[in-house]
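Fold and geometry: a report
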Amino acid sequence: MAPGATRRVAVIEGEDAAPEAMRPTLELLSRLPLDIEWVWPKVGDAGLEAHGSLFPDEARRVIDEADTTLFGSTSGKSAPALMYLRWGKGTYANVRPARWMPGCKSPLADPRGIDLVVVRENLEDLYLGIEGDSSDLDSLDLQSRTARRPLRELGPGKYALKLITEAGSERVIRFAFELARKRKAAGGRGHLTCSSKYNMLPVSDGLFRQTAERLAPEYPDIDLDVYIVDDFAQRMVTRTQELDVVVLPNLYGDILSDLAAGIVGGLGLAASGCYGDDYAYFESAHGTAPDIAGRNIINPTATILSAAMMLEHLGFTEESARIETAVEQVYAEGKQLTPDQGGTSHTTDFCAAVGDRL
Ligand code: IPM
Ligand code: MG
């Protein structure tokens, strides 16, 4: 992206309560001197109405012509757009920071100093979505290593395919090493933790671990730790402050990034960005909160901080930092927080409070 040029951002609000977080976030951004042109691809219901499809070609064109996309969250109707943003755009590194800000409602007795980032592999593992009837596998004549019996003797059932590729592991683990390096240059701890279930799955999850160990000598300035994922889950809760950058295969990353969000105060705080070699898009890690839709109480922090990550990506570094600082101030003051953080304020009040501190 050329410095100084107008940036074009595609906005997809998503479903249920997600638009209630997105709209005031955009309003907030409009208070900053940002040279951004906002475009609105018609997906989900709007796509159906205008073009007869949940993800029409026209919406795809709008995304392709934008520099990035800001996505709310989906409960289904905008999911085809999300699939395109991940697999169509090759956004293989899902970056999910979990930093405790004073005032956030962490369940830990002492959350001070928690500042970790989950880097989740975003495109493979069980997320290839290849499932089927176990009888489809009969001709392969597979033997269960654990049950020590031919697969076909185990009876009718369904399977899902887990694939960990060499290239897929290497690119996301390199991304994580580079991120640890960048954070170290800014005062971070220079640490990378890699985790998978390599004791039970020494071949597939083993490859993920071995890839981290193979690349480690290229990053002598970064300390690498490797843990089995169940042990790592308890470490995330008991030794949280020791963590810096964490790299995980897709499904473990999905689960443990929600855990990381819970540790610092909940999914309402969980920002995320998905990066590929030539495209990135930004999306809160939480769902659409259908239970609170229409009440103007969804915590917009995840959306606001995802937008801040987007600004940084677009080169609006100073504006990104201003938003983060303003959010921190609102939490530190603790007067205009949403119910999930123990407050009684509405989404729009929280956003107004952030706006006032910009
Ligand atoms: C996430 C969500 C998605 C995922 C769903 C909506 C498909 O849980 O972004 O973490 O599993 O990746
Ligand atoms: Mg998830």
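Counting starts from 1 at the beginning of each chain's written sequence and moves along it residue by residue. Chains and ligands are labelled by the order in which they are written, letters from A for the one and numbers from 1 for the other. The predicted origin of the model limits local features to residues at a pLDDT of at least 70 and limits the giving and counting of side-chain atom pairs to 80 or more, whereas totals for whole chains, interfaces and linings rest on all residues. Computation of side-chain values covers all heavy atoms of the structure but excludes hydrogens and water.

Another aspect to go through is the overall build of the protein. Numbering goes from the N terminus for both helices and strands, where a helix is a DSSP run of H or I of at least four residues and a strand is a run of E of at least two. On a plain count of helices and strands, the protein comes out with 11 helices and 14 strands. Between buried and exposed lies partly exposed: a residue is buried under 20% and exposed over 50% of the maximum accessible area for its type, with that area taken using a 1.4 Å probe on protein chains only. Looking at the protein as a whole, 50% of its 358 residues qualify as buried. Expressed as a percentage of contacts within the protein between residues at least 6 apart in sequence, the contacts between residues at least 24 apart total 75%. Using a 1.4 Å probe, the Shrake-Rupley method yields the accessible areas, and only the shown protein chains count as cover for residues. Total accessible area computed for the protein in this model is approximately 16,100 Å², and 51% of it derives from carbon and sulfur atoms. The positive count covers Lys and Arg only, the negative count covers Asp and Glu only, and His and the chain ends enter neither. One atom stands in for each charge, and that atom is NZ of Lys, CZ of Arg, CG of Asp or CD of Glu. Computing the positive centroid from 37 side-chain charges and the negative centroid from 53, the protein places the two 3 Å apart. Whether two residues are in contact is decided by their heavy atoms, any of which lying within 4.5 Å being enough.

Bringing the sheet that holds strand S3 (residues 68–73) into the picture now. Pairs of strands are assigned from DSSP output, requiring at least two bridges between the strands. On the basis of which strands lie adjacent, the open sheet formed by 10 strands has the order S2-S1-S3-S14-S13-S4-S5-S12-S10-S11 and mixed pairing. At either margin of the open sheet sits one strand with a lone partner, and together these are strand S2 (36–39) and strand S11 (223–228). Averaged over all neighbouring strand pairs, the angle between strand axes comes to 25 degrees, with direction disregarded. Where strand S10 (residues 191–196) and S11 come together, 6 bridges link them in parallel fashion. Bridge pairing links Thr193 to Asp225 in S11. A fitted line through C-alpha atoms represents every axis, and for helices the fit uses only the stretch in contact; the resulting angles, taken between N-to-C directions, go from 0 to 180 degrees. Each of S10, S11 and strand S12 (245–248) touches helix H7 (residues 229–238); the most contacted strand, S11, lies at about 115 degrees to it.

For the rest of this paragraph, the subject is the pattern of salt bridges. By salt bridge we mean one thing: a side-chain nitrogen of Lys or Arg within 4 Å of a carboxyl oxygen of Asp or Glu. All told, the structure shown has 28 salt bridges when counted by the stated rule. Its salt-bridge partner being Asp110, residue Arg112 comes within 2.9 Å of it at the nearest N-O pair. The exposed category is assigned to Arg112, whose relative accessible area is 59%. Salt bridges linked by common partners bring Glu170, Arg174, Arg214 and Glu218 together as one network.

Right, let's get into helix H5 (residues 166–185). To estimate how far a helix should reach, multiply one less than its number of residues by 1.5 Å. With 20 residues, H5 ought to run about 28 Å at 1.5 Å a step, and its terminal C-alpha atoms sit 28 Å apart, in line with that. Buried within H5 are the following residues: Gly168, Ser169, Val172, Ile173, Ala176, Phe177, Leu179, Ala180 and Arg183. Viewed along the axis of H5, the buried residues span an arc of 160 degrees, placing them on a single side of the element. Of the exposed residues in H5, the ones pointing more than 90 degrees away from its buried face are Glu166, Ala167, Lys182 and Ala185. Where H5 is buried, its residues contact strand S4 (93–99), strand S5 (115–121), S10, helix H6 (204–215), S11 and S12. Definition of a polar contact: a pair of N or O atoms within 3.5 Å, with one able to donate and the other able to accept a hydrogen when the atoms are protein atoms, and with sequence-neighbouring residues admitted only if both atoms are side-chain atoms. For H5, the N-terminal capping position is held by Thr165, with its side-chain oxygen 2.8 Å away from the main-chain nitrogen of Gly168. Phi turns positive, to about 100 degrees, at Gly187, one or two residues after H5. Think of it as the arc spanned by the lines of direction from the helix axis to the C-beta atoms.

A few words now on the domain arrangement of the protein. When the parts of a complex come together, some accessible area is lost, and that lost area is often used as the size of the interface. Each domain span listed reflects an automatic or database assignment of domains. Split by domain assignment, the protein resolves into domain 1 (1–104 + 267–358), domain 2 (106–120 + 164–264) and domain 3 (125–163). The C-alpha centroid of domain 3 is placed 39 Å from the C-alpha centroid of domain 1.

Two cysteines joined by a covalent bond between their sulfur atoms form a disulfide. Disulfide: a pair of cysteine sulfur atoms within 2.5 Å of each other. For the coordinates displayed, the defined rule picks out 0 disulfides. Cys104 provides the cysteine sulfur closest to Cys351, a residue in no disulfide bond, and the two sulfurs are 14 Å apart.

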